[in-house]
Amino acid sequence: MEGAPGSSILCKAKEVRILNQKPLLIRHAKQLVTLAGSSDKPLCGQEMNDLKIIEDGSVWIENGVIQKVGKDEEIIKHYLHRLAEADTIDATGRLVTPGLIDPHTHLVYAGSRENEFEMRLKGATYMEIMNAGGGIHATTRATRQADHAQLFTESKRRLDQFLLHGVTTVEAKSGYGLTLEHEIKQLEVAQALNEKHEVDVVSTFMGAHAVPAEYREDPDRYVDKVITGMIPEVARRGLAEFNDVFCERGVFTPEQSRRILEAGLEYGLKPKIHADEIEPYGGAELAAAVDCVSADHLLKASDEGIQAMTEKGVVGVLLPGTAFFLMAEVASGRKMIDAGVPVALSTDCNPGSSPTVSLPLIMNLGCLKMGMTPAEVLAAVTINAAHAICRGHEIGSIEQGKKADLVIFDVPNYMSLSYFYGVNHVHTVIKNGKVVVENQVKRSGADA
Ligand SMILES: N=CN[C@@H](CCC(=O)O)C(=O)O
Ligand SMILES: [Zn+2]
């Protein structure tokens, strides 16, 4: 999980406004996957196969921003008079992509649930464990007990691991607090990570992740609490940008989910939904009806729901690692792309149903289990993932004016990323124009 031996995270403090940064020139990428031209809307259908690749590509970066992208000879001609100023990285023979984006994680939590993994291997289901007081409830107990410092330390470790796998932006949900105090604590930790860590963290409030044990007899009372107590306060403190709900039988009904999402909208929180994960429950339809930015999971989404999402342009965030880990059928990525849903992929990093940070492994699973092409999975973790968190204008592609978040992979082409599976191919990660990860085996002179 820590990346290859010798991998290291090099830079410690995030600079939000970057001025007077030494230029960085990346030269001679065998393939420079730009994904340019889709900042306004996500890629759909066949468009997801057109990665806008430049062979022998180079990029000039300055002050944390991409300044110019093109064939090496074109970039060199343009910046000839300034070449001596720049730090140069030779990417000969390598693949360069936009920094990977994970649009659905439960990053901030305490503890782990390997005991439940064993229970599931012996036959218990995810929902049985949750209904017996484990699952999300177990992590809620651990997260309530943890203070800021513990939560920060545990979550930072995961964020480091994300970065080592080439991920430069993650969305992070609350939802293991389930009281105002503890939801705020989780969101404050996410905010602190965003400020202090190289990776950008985009926050989602998910007070409606589960009905806490103390409200089991009267779930509507908890829904009221989320609507009247939590959403206004989270919005007032500016702690989240999105509002998410777990719409599933035994958790929140479509009616309760709609109330929660509409209440969030009144306070400026953009809606997202965990939809149709375990059984068909009208989640995809609800996502379209309330104009969710994304509907996530969708293993059991109905054809009507998928059609409604296509019509509204709701991004389908698919989580094949979760199905893999729960030993369930995956969502049909192929069917959704063919139906015109803009598809993104994510780890769903969480302690119960997807304890991973490897977005590249999720790309492998997208191909092997969902019938997506290597090009589609790369679009799904870059530009489409950016749109799933309303960042299409800032990140997700390599083009002039965007944040200089890029990854150099030690493979010659994008197909290799999905072909070699379970391997960390990250060579270098560049965040805001600075090298923050260099991944190499350190050898003594004699063995080198
Ligand atoms: N499905 C609901 N929530 C998480 C799992 C959370 C947990 O099990 O702790 C998910 O997206 O998979
Ligand atoms: Zn989730």
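Residues numbered from 1 in each chain as written. Chains lettered and ligands numbered in written order. Predicted model: local features only at pLDDT ≥ 70, side-chain atom pairs only at ≥ 80, totals over all residues.

In the nomenclature of an unreviewed UniProt entry, the protein chain is known as Imidazolonepropionase of Thermoflavimicrobium dichotomicum. Its UniProt record, at the heading Sequence similarities (unreviewed entry), says of the protein chain: "Belongs to the metallo-dependent hydrolases superfamily. HutI family." (UniProt positions renumbered as here; feature names shortened; annotations may be inferred.)

Colleague: Help me understand the packing of helix α5 (residues 148-164) against helix α6 (residues 180-196) in this model?
Modeller: In helix packing, the relevant descriptors are the interaxial angle and the interaxial distance, both defined with respect to the helix axes. Where α5 meets α6, the closest approach of the two axes is 10 Å, and the angle between their N-to-C directions is 50°. It follows from the interaxial angle that α5 and α6 lie oblique. When you trace α5 past α6, the crossing you get is right-handed. Of α6, the residues touching α5 (which contributes His148, Leu151, Phe152, Ser155, Lys156 and Leu159) are Lys185, Gln186, Glu188, Val189, Ala192 and Leu193. Its residues assigned to classes, the contact of α5 with α6 comprises six nonpolar, three polar and three charged. (Axes fitted to C-alpha atoms, helices over the stretch in contact; angles between N-to-C directions. Helix = DSSP H or I, 4+ residues; strand = E, 2+ residues; numbered from the N terminus. Parallel < 35°, antiparallel > 145°, perpendicular 65-115°, else oblique. Left-handed = near helix turned anticlockwise from the far one by under 90°. Contact = placed C-beta atoms within 7 Å. Nonpolar A, V, L, I, M, F, W, Y, C, P; charged D, E, K, R; others polar.)

Colleague: Got a minute to help me understand the packing of α6 against helix α7 (residues 219-236) in this structure?
Modeller: At a minimum axis separation of 10 Å, α6 and α7 run at an interaxial angle of 30°. In terms of their interaxial angle, α6 and α7 are classed as roughly parallel. When you trace α6 past α7, the crossing you get is right-handed. Judged by residue contacts, Leu180, Glu183, Ile184 and Leu187 of α6 engage Gly229, Met230, Glu233 and Val234 from α7. For the contact of α6 with α7, the class distribution of residues is five nonpolar, one polar and two charged.

Colleague: Looking at this structure, I do not really get the site of ligand 1. What am I missing?
Modeller: As a matter of local geometry, ligand 1 sits amid 14 residues, with Ile136, Phe246, Asn350, Gly352 and Ser353 nearest to it. Tallied by class, residues from the shell around ligand 1 come to three nonpolar, nine polar and two charged. (Near = placed C-beta within 6 Å.)

Colleague: Sorry, what's going on with the nonpolar core here?
Modeller: Soluble, globular proteins show a tendency: their nonpolar side chains are buried together. Residues Ala287 and Val381 are the most contacted members of the largest nonpolar core, which totals 133 residues. Ranked by residue count, the leading element in this core is α7, at seven residues. Domain assignment of the residues forming this core places at least three in each of domain 1 (24-98 + 396-442) and domain 2 (100-389). Once residues within four sequence positions are removed from consideration, Val381 is found in contact with Leu100, Ile101, Leu345, Leu359 and Met363. (Core = buried A, V, L, I, M, F, W, Y, C linked by C-beta atoms within 7 Å. Buried ≥ 20, exposed ≤ 12 C-beta atoms within 10 Å, placed from the backbone. Domains from an automatic or database assignment.)

Colleague: Where do I start with α7 in this structure?
Modeller: A turn of α-helix holds 3.6 residues, and therefore any two residues three or four places apart point the same way. Here α7 contains 18 residues, and its C-alpha end-to-end distance of 25 Å stays within 8% of the 26 Å for a straight helix at 1.5 Å per residue. Its axis deflected by about 35° at Met230, α7 carries its strongest bend there, up to four residues before the proline Pro232. The complete set of buried residues in α7 reads Tyr222, Val223, Val226, Ile227, Met230, Ile231 and Val234. Along its buried surface, α7 packs onto α6, β9 (200-208), β10 (242-247) and α8 (254-266). Just downstream of α7 lies Gly238, where phi reads positive at about 65°. (Expected span 1.5 Å × (residues − 1). Bend = angle between axes of the 7 residues up to and from the residue.)

Colleague: Could you clarify how one ought to interpret the sheet that holds strand β8 (residues 167-173) in this entry?
Modeller: In a beta sheet, neighbouring strands are held together by backbone hydrogen bonds and run either parallel or antiparallel to one another. The strand order across the open sheet built from eight strands is β7-β8-β9-β10-β11-β12-β13-β14, with neighbouring strands paired in parallel fashion. Every other strand in the sheet has two partners, leaving β7 (100-102) and β14 (343-345) as the edge strands with one partner each. With strand direction ignored, the average angle separating the axes of adjacent strands in the sheet is 25°. Two elements, β9 and β10, share three bridges in a ladder whose sense is parallel. Residue pairing in the sheet places Thr204 in a bridge with Phe242 of β10. In this fold α6 packs onto β8 and β9, with an angle of close to 170° to the strand it touches most, β9. (Pairing = 2+ DSSP bridges.)

Colleague: It is not clear to me how the environment of Pro320 should be interpreted in this structure. Could you clarify?
Modeller: As for its position among the elements, Pro320 is in helix α11 (residues 320-326). In this structure, the C-alpha to C-alpha distance between Pro320 and Ile18, residues 302 residues apart in sequence, is 37 Å. If sequence neighbours within four positions are ignored, Pro320 has contacts with Val330, Ile362, Leu365, Gly366, Lys369 and Met370.

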